[in-house]
Number of protein chains: 2
Amino acid sequence: MTAKLPSRWQRKKDVRPGEILDAALELFVEKGFRATKMEDIARAAGVTKGTPYLYFQNKEDIFKAVVRESLVNELSDLSQLAARHEGDVSSLLALLMEVWWARIGSTRGAGLCKLMMAEAANFPELATFYYQEVILRGRTMVADLIRLGMARGEFRAVPVESAVDTLMAPLIASMVWDHSFGCILQAGEDADPSRRLAVALDLILYGLKNNNTSEEN
Amino acid sequence: MTAKLPSRWQRKKDVRPGEILDAALELFVEKGFRATKMEDIARAAGVTKGTPYLYFQNKEDIFKAVVRESLVNELSDLSQLAARHEGDVSSLLALLMEVWWARIGSTRGAGLCKLMMAEAANFPELATFYYQEVILRGRTMVADLIRLGMARGEFRAVPVESAVDTLMAPLIASMVWDHSFGCILQAGEDADPSRRLAVALDLILYGLKNNNTSEEN
DNA sequence: ACAATTAATAAATCACAGTTCATTAGTCGG
DNA sequence: CCGACTAATGAACTGTGATTTATTAATTGT
């Protein structure tokens, strides 16, 4: 006997926060932080202006919640995947990039990363949080893998941090790109980003690998 | 007999626009577009709220002027440099990156590029303009160089566009990084970005070069 | 069925920042 | 020195959009 009233509104305390955050994610990614109005978020979530304030302090608070919700979990999944893997480091890196693309790069999450970078200066504490929880964690993971590859003789000796930078750069660039100028281009003008990432990785790995022993293959 | 009055304002029609754009560049890079107030720009330029409107339509107009003013010229200088160079392609690419860093990457210009990416969705026409005038031009230049390297046997055969992406990615990443999370970090936590760029380039070039003949060296 | 409770609304508040405009003050030609 | 002109001012206007709050309507327990 709970549902059949065509009343002008519904009480759904338990699901409201999630609905609001979903709507906010969508709009933030599409328009940026400042440009999305609270009323838009509310309407998109099927409620009115005031309702979000029942669940969140203010707009910033919603932004923070959205970021925590959508990015941190994804990243820790990636670490677990890496921890489980057996086999050579190159193929693990390729796998990681593939999964990263599927789970983050090609999703709204990427737009959020880009937004985070765009707004970092305006939200110092959130930026710090994100840096600690997401970026540093990811970098450490990759750095460890590179060291492992070097220890095994799979990779030649290179400065580890710089190699991490080089490997990360295509990911960052693709996220930023797709959600800035990428939106402007005609469809097809910039084909299949996932393949491009793969090629970039190949190129970098080729530069990273110890090619002295590769002749015997 | 023009200057000695301690009057509360000065008439300087010819230099005002430049002063205003300088102030705006500084503030936009520091705070982003929305967060910088017209009054801040005016004050930083040594005038009052109304004055900028004598020279520019509105805030957007100032933003556009700043972008055109500060980025396009720099980039065309780079093309000229490339056109003049003789010698192998690898060293030209290294040189270009070095000059890029000195003239753009390490200057306010980088902050502006980052801002442009952050705001591209809000300024479609400006983004398109920038894409045509700056990005496309730069990419074409690099693509031509890579093709040249391949034709000479200096580089192995790789998909050109992807190689361009890979070479550009560290530049984009460094601009974005330095003006987002980079601001947050303690000094020294992320050492010398120019050296990092150089290492990244080495790594990528190593992956790009045709190593079959390098044994004879 | 009815009080007490609280989710949700919608109208009102409030502050800020972009823009305008009537006024003031230098400038320039004669 | 004077009048026409215009750079510059800064007070006033304005729209917008984030919060607040009084009110309404479900819900829940008894």
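Residues numbered from 1 in each chain as written. Chains lettered and ligands numbered in written order. Predicted model: local features only at pLDDT ≥ 70, side-chain atom pairs only at ≥ 80, totals over all residues. Heavy atoms only, no water.

> What should I look at first to understand the packing of aromatic side chains in this one?
How two aromatic rings sit relative to each other is given by the distance of their centres and the angle of their planes. Within the structure shown, the criterion is met by 18 aromatic pairs over all chains. Where F28 of chain A meets F33 of chain A, the ring centres are 5.5 Å apart and the plane angle is 35 degrees; that geometry is what we call tilted. The exposure class assigned to F33 of chain A is buried, which follows from its relative accessible area of 7%. For the ring pair F28 of chain B and F63 of chain B, a centre distance of 5.5 Å and an interplane angle of 85 degrees mean the geometry is edge-to-face. Linking F28 of chain B in helix 1 (residues 16–31) with F63 of chain B in helix 4 (residues 59–84), this pair joins segments that are 35 residues apart in sequence. When its relative accessible area of 0% is taken as the criterion, F28 of chain B is described as buried. Between K59 of chain A and the ring centre of F33 of chain A, over which it is positioned, the NZ or CZ distance is 4.7 Å. Of note, R68 of chain B hangs over the ring of F129 of chain B, and the distance from its end group to the ring centre comes to 4.6 Å. (Phe/Tyr/Trp six-rings, centres within 6.5 Å; stacked < 30°, edge-to-face > 60°. Buried < 20%, exposed > 50% of the residue type's maximum accessible area, 1.4 Å probe, protein only. Helix = DSSP H or I, 4+ residues; strand = E, 2+ residues; numbered from the N terminus. Lys NZ or Arg CZ within 6 Å of the ring centre and 35° of its normal.)

> Just checking my understanding: could you explain the protein's contact with DNA strand D for this structure?
Near DNA strand D you find 25 residues, and of these M38 and Y53 of chain A together with K12, T51 and Y55 of chain B are the closest. Between T36 of chain A and DNA strand D, the recorded distance is 3.4 Å, taken from a backbone N or O atom to a phosphate oxygen. (Near = heavy atom within 4 Å. Polar contact = N/O pair within 3.5 Å; in protein donor to acceptor, adjacent residues only side chain to side chain.)

> Mind showing me how you'd approach the interface of chain B and chain A here?
The figure often quoted for interface size is the accessible area lost as the parts come together. Every contact between the two is made by 46 residues of chain B and, on the other side, 46 residues of chain A. Buried area between chain B and chain A, summed over both chains or domains, comes out near 4,000 Å², and the portion from carbon and sulfur atoms is 72%. Per-residue buried area on chain B facing chain A is highest for F181, R196 and L203 of chain B; these three make up 17% of the total on that side. The interface formed by chain B and chain A holds 4 salt bridges in total. One salt bridge in this structure joins D165 of chain A and R196 of chain B, with 2.7 Å as the shortest N-O distance. Linking chain B with chain A are 4 residue pairs in polar contact (both at pLDDT 80 or more), by the criterion used here. Mapped onto the side of chain B that touches chain A, the elements with two or more residues apiece are helix 1, helix 6 (108–119), helix 7 (124–151), helix 8 (160–178), helix 9 (181–184) and helix 10 (193–208) of chain B. (Contact = heavy atoms within 4.5 Å. Buried area = accessible area lost by both parts, 1.4 Å probe. Salt bridge = Lys/Arg side-chain N within 4 Å of Asp/Glu carboxyl O.)

> Would you explain the nonpolar core in this entry?
Considering soluble globular proteins, one finds that nonpolar side chains tend to be buried as a cluster. F181 of chain A together with F181 of chain B are the most contacted members of the largest nonpolar core, which totals 147 residues. Contacts of F181 of chain B, omitting those with residues within four sequence positions, involve M116, M117, A120, A127, Y130, Y131 and I135 of chain A. (Core = buried A, V, L, I, M, F, W, Y, C linked by side-chain atoms within 4.5 Å.)

> Please explain the UniProt feature "DNA-binding region" (unreviewed entry) in chain A as it appears in this structure.
Mapped onto this numbering, the UniProt entry gives "DNA-binding region" (unreviewed entry) at residues 37–56 of chain A. Secondary structure across residues 37–56 of chain A comprises 55% helix and 0% strand; the distance between its end C-alpha atoms is 15 Å. (UniProt positions renumbered as here; feature names shortened; annotations may be inferred.)

> Teacher, can you tell me more about the protein's contact with DNA strand C here?
Among the 25 residues in the neighbourhood of DNA strand C, the closest are listed as K12, T51 and Y55 of chain A together with M38 and K59 of chain B. Among the atoms of DNA strand C close to the protein, meaning within 4 Å, 75% are from sugar or phosphate groups. A distance of 2.3 Å separates a phosphate oxygen of DNA strand C from a polar side-chain atom of T51 of chain A. The side chain of K59 of chain B places a nitrogen or oxygen atom 2.7 Å from a phosphate oxygen of DNA strand C. When its residues are assigned to classes, the surface near DNA strand C shows 7 nonpolar, 7 polar and 11 charged. (Nonpolar A, V, L, I, M, F, W, Y, C, P; charged D, E, K, R; others polar.)

> Explanation requested: empty space enclosed by the protein in the structure shown.
Empty space among the atoms becomes apparent when a probe as large as a water molecule is rolled across them. A complete count under the given rule lists 2 cavities of 30 Å³ or more for this structure. Roughly 60 Å³ of volume is contained in the largest cavity. In this structure, the largest cavity is lined by K114, M117, A118 and V176 of chain A together with K114, M117, A118 and V176 of chain B. Those elements that provide at least two residues to the lining of the largest cavity are helix 6 (108–119) of chain A together with helix 6 of chain B. Partitioned by chemical class, the residues of the lining of the largest cavity number 6 nonpolar, no polar and 2 charged. Looking at the second largest cavity, its volume works out to about 30 Å³. Every element with two or more residues in the lining of the second largest cavity is listed here: helix 4 and helix 7 of chain B. Class assignment for the residues of the lining of the second largest cavity results in 3 nonpolar, 1 polar and 2 charged. (1 Å grid on protein atoms, 1.4 Å probe; cavity = no way out; pocket = protein on both sides within 12 Å on 5 of 7 lines; lining within 4 Å. Points joined across faces, edges and corners; volume = space filled by probe spheres on them.)

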